[in-house]
Amino acid sequence: MLLFRSEEWIERWCKKNNLERGEVLSVDQVWELSKLWYHDRLSMEYHGRTVEQAEEIFRQAGLTSAFWHVQR
Amino acid sequence: MSNNALLWQIRAFVYNHFADTIRPPSVEEAAQHLNIEIELAGTLYKELHNRHALFLEPETLNIRMANPFSGIPTDFKVHADGKSYYANCAWDMLGIPVALALRNDAVIEAICTESDDRVQLAVRDGQIQAQAAVPGGDIKSILTSDLKIHFPLPFARWYDDLLFT
């Protein structure tokens, strides 16, 4: 995941590299996601996550589009 | 101790070693810490790689990523607890202060893709603020809501090519 100064720069980068635009979040949004995703990473109790647990974190962060789900 | 218990014990050791020393432990260091054979430690490293709990350099037992920590220099540097860490990506640069349990404030230095703007983010009391260098060398405050992070692949494809993701 790369950092950009604005959405305009993302458009330029995607065009230059012939890549489709993915999902774009603000640093504020990713900061909130990080708190949910990484808060227990150093803990002995952290044993990885299931797809369902990951999707629940995305939901809590307000990320509910198909981009954040695995089709089952 | 079962190999499954050892698996999660060695995972925790890798992460805390990264947090304490800013670098990943070698398989020899992990074996010594857990008082196990180096061969077993290597098997556990590979199993953690297979489970996406860390990422080994191809054909080696060297840890390249234990997200959010990076084993190699990147464009995302995090200063916290008197140490300087490298993050794997723009998401992980925010993940490091969180993984360190926000024990202290942090400063993140990052380079914006394409525009090459240098950005500094300050984490204070769990809040985040940003400023950017502008032509002429001056610094100006910018809104963190204006800075964008691009997720190129949907969640379902993140582990197809982790380096690209």
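Owing to the predicted nature of the structure, the values given are computational and were not obtained by experimental measurement.

Criteria and thresholds
Residues numbered from 1 in each chain as written. Chains lettered and ligands numbered in written order. Predicted model: local features only at pLDDT ≥ 70, side-chain atom pairs only at ≥ 80, totals over all residues. Helix = DSSP H or I, 4+ residues; strand = E, 2+ residues; numbered from the N terminus. pLDDT = per-residue confidence, 0-100. Contact = placed C-beta atoms within 7 Å. Nonpolar A, V, L, I, M, F, W, Y, C, P; charged D, E, K, R; others polar. Pairing = 2+ DSSP bridges.

**Things to note about unusual backbone geometry**
Residues and elements named next belong to chain B. For the peptide bond that leads from N67 to P68, omega is 15 degrees, which places it in the cis range. By the secondary structure assignment, P68 is in the loop between strand 2 (63-66) and strand 3 (69-70). The backbone of D116 sits at a positive phi, close to 65 degrees, despite the residue not being glycine. Along the chain, the position of D116 falls in the loop between strand 6 (106-111) and strand 7 (118-124). For D125, which is not glycine, the phi dihedral falls at a positive 50 degrees.

**Re the confidence of the model for chain B**
With 93% of its residues at a pLDDT of 70 or more, chain B has an overall mean of 91. Model confidence for the complex is summarised by a pTM of 0.92, with the ipTM given as 0.95.

**A closer look at the interface of chain A and chain B**
Listed as interface residues are 37 residues of chain A and, on the opposing side, 37 residues of chain B. Elements supplying a minimum of two residues to the side of chain A that touches chain B: strand 1 (2-4), helix 1 (7-16), strand 2 (23-26) and helix 2 (27-38) of chain A. With 8 residues, helix 2 of chain A is the largest single contributor of residues to the side of chain A that touches chain B. Of the residues assigned to the side of chain A that touches chain B, the class counts are 21 nonpolar, 9 polar and 7 charged.

**Some words on the sheet that holds strand 2 of chain B**
All names here are of chain B. Read from one edge to the other, the open sheet built from 3 strands follows the order 1-2-3, with strand pairing classed as antiparallel. At either end of the open sheet lies a strand with only one pairing partner, and these are strand 1 (55-56) and strand 3. Both strand 2 and strand 3 contribute to a ladder of 2 bridges, which runs antiparallel. Across the sheet, residue M65 finds its bridge partner in strand 3, namely S70.

**With respect to the pairing of strand 2 of chain B**
Residues and elements named next belong to chain B. As defined by bridge partners, strand 1 adjoins strand 2 across 2 bridges and the pair is classed as antiparallel. Among the inter-strand pairings, L56 is bridged to a residue of strand 2, identified as I63. In sequence, strand 1 turns back onto strand 2 through a hairpin of 6 residues, with E59 there showing a positive phi of about 65 degrees. Hairpin connection from strand 2 to strand 3: 2 residues lie between these consecutive antiparallel strands.

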